[in-house]
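# Per-entry structural report
In case you want the letters, here they are:
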Amino acid sequence: MRHLMSPLDFSVEELEKLMETAGDIESNPQKYAHVCDGKKLATLFYEPSTRTRLSHEAAMLNLGGSVLGFSSADSSSAAKGESVADTIRTISCYADICAMRHPKEGAALVASQNATIPVINAGDGGHQHPTQTLADLLTIHSLKGRLGNMTIGLCGDLKFGRTVHSLIHALVRYPHVRFVLISPEELRVPSYIRTDVLDQQNIEYEEVVRLEDALPSLDILYMTRVQKERFFNEEDYVRMKDFYILDSKKMELAPKDMYVLHPLPRVNEIAVEVDNDPRAAYFKQAQYGVYIRMALIMTLLNIEV
Ligand code: CP
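Residues numbered from 1 in each chain as written. Predicted model: local features only at pLDDT ≥ 70, side-chain atom pairs only at ≥ 80, totals over all residues. Heavy atoms only, no water.

## What about the pattern of salt bridges?
For the structure shown, the criterion picks out 19 salt bridges. Among the ionic pairs, Glu 57 bridges to Arg 53, the shortest N-O distance being 3.4 Å. With Glu 57 and Arg 53 both in helix α2 (residues 51–62) and four residues apart, the pair spans about one turn of that helix. When the shortest N-O distance is used, the salt bridge between Glu 229 and Arg 225 registers 2.7 Å. Judged by relative accessible area, which is 15%, Arg 225 ranks as buried. One continuous salt-bridge network, built from bridges that share partners, spans Glu 185, Arg 188, Arg 194 and Glu 207. (Salt bridge = Lys/Arg side-chain N within 4 Å of Asp/Glu carboxyl O. Helix = DSSP H or I, 4+ residues; strand = E, 2+ residues; numbered from the N terminus. Buried < 20%, exposed > 50% of the residue type's maximum accessible area, 1.4 Å probe, protein only.)

Below is the structure:
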């Protein structure tokens, strides 16, 4: 039995296969409409979500399966003090696979160690968000035709943004990927990622504060929101929240073939006017999230078409 805790749980070859399957699902959805007939996906969300929970559910429904679950800790027995370990042992009796989001780093790992069904980490605190990374990789690959040989700008809350942490881990495995890390001093990428991942693997990167300085050199700009829920005090959040606002004027500084990604939800960091720019790819990214999660569910359930 296999779980997904980190994007590194799949080899580069396995990721390629997953993306190939996702591409085939996009072109031939009918071929996959009943491959999970009779199977159940449980979504255990201890933190708010729109895309991750509903795209997992849409993915299972598109495959012919069914879904069950809860969308907040308050509506589950966690509110009565039940542990993650006990919850997942119970859910293992009800479902064939589950996706879990939890505010604590490592919660999905604890679940996987106590489960008798595959567990998908749908976000654990400020740590990892591997299925978002799968959607990001598929989006970049579809738009640019490659995952190596490119300069990726990661902008915003690089400290708490788990999507950024997972994406860096995944992209360093491709050749000649260069990062421009764009953040205020307080929200820099954690030092363990800089030293243990980027420095250790001799990955080229620079850290800048001004988005305008980075834009002309980028192939992909990955915007993120400031993660309000991870701040210890409101004052710091308010000071940081509008540090970056990508608008049409700034987009003029970017190459014509630079795409803008964002895991969403957006707050203020991308002005709505940018949505009409053909380089805005964040809603396409949300769509790709369904195809790749369909491919993931099939893979973890060992379903071949
Ligand atoms: N990208 C993402 O994780 O969005 P949700 O919080 O809406 O699931």
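## Quick notes on the domain arrangement of the protein chain
In terms of domains, the protein chain is made up of domain 1 (7–128 + 289–300) and domain 2 (130–285). Summarising the inter-unit geometry, the C-alpha centres of domain 1 and domain 2 are found 25 Å apart. Counting from both sides, the interface comprises 29 residues of domain 1 and, opposite them, 24 residues of domain 2. Carbon and sulfur atoms make up 62% of the surface buried where domain 1 meets domain 2, a total of about 2200 Å² over both sides. Ranking the residues of domain 1 by area buried against domain 2 places Pro 7, Met 19 and Arg 51 at the top, with a combined share of 26%. Counting across the domain 1 and domain 2 interface gives two salt bridges. (Domains from an automatic or database assignment. Contact = heavy atoms within 4.5 Å. Buried area = accessible area lost by both parts, 1.4 Å probe.)

## Some details on the nonpolar core
Burial of nonpolar side chains together is a common tendency in soluble globular proteins. Ranked by internal contacts, the top residues of the largest apolar core, which has 61 residues, are Leu 137, Ile 152, Leu 154, Ile 168 and Phe 179. Counting contributing residues per domain, this core is built from domain 1 (7–128 + 289–300) and domain 2 (130–285), each supplying no fewer than three. Ignoring anything within four residues of it in the chain, the contact list for Ile 168 reads Leu 154, Phe 179, Leu 181, Val 189, Ile 193, Val 197 and Leu 198. (Core = buried A, V, L, I, M, F, W, Y, C linked by side-chain atoms within 4.5 Å.)

## Description of the environment of Thr 90
Within the fold, Thr 90 resides in helix α3 (residues 84–94). For Thr 90 and Asn 62, which are 28 residues apart along the polypeptide, the C-alpha to C-alpha distance reads 26 Å.

## Observations concerning the site of the ligand
Near the ligand you find Ser 49, Thr 50, Arg 51, Thr 52, Arg 101, His 129, Gln 132, Pro 263, Leu 264 and Pro 265, and these make up its full shell. Between the ligand and Thr 50 there is a distance of 2.8 Å, counted from an oxygen atom to a backbone nitrogen or oxygen. Contact between the ligand and Arg 51: an oxygen atom at 2.9 Å from a main-chain N or O atom of the residue. Here the shell around the ligand is built from residues that sort into three nonpolar, five polar and two charged. (Near = heavy atom within 4 Å. Polar contact = N/O pair within 3.5 Å; in protein donor to acceptor, adjacent residues only side chain to side chain. Nonpolar A, V, L, I, M, F, W, Y, C, P; charged D, E, K, R; others polar.)

## Brief notes about helix α5 (residues 130–144)
Taking 1.5 Å per residue as the helical rise, α5 with its 15 residues ought to reach 21 Å, and the 21 Å between its terminal C-alpha atoms agrees with that figure. Positive phi shows up at Gly 145, right after α5, with a value of about 80°. (Expected span 1.5 Å × (residues − 1).)

## Quick word on the sheet that holds strand β7 (residues 205–208)
A sheet is described by the order of its strands in space; here five strands give the open sequence β7-β6-β5-β8-β9, paired in parallel fashion. In this open sheet, the two strands that pair with only one neighbour each are β7 and β9 (259–261). Sheet twist, expressed as the average angle between the axes of neighbouring strands with direction ignored, equals 20°. For strand β5 (residues 150–155) and strand β8 (residues 220–223), the ladder comprises four bridges, and the chain directions are parallel. Bridge pairing links Ile 152 to Ile 220 in β8. Against the sheet, α5 contacts β5, β8 and β9, and its axis sits at roughly 170° relative to β9. (Pairing = 2+ DSSP bridges. Axes fitted to C-alpha atoms, helices over the stretch in contact; angles between N-to-C directions.)

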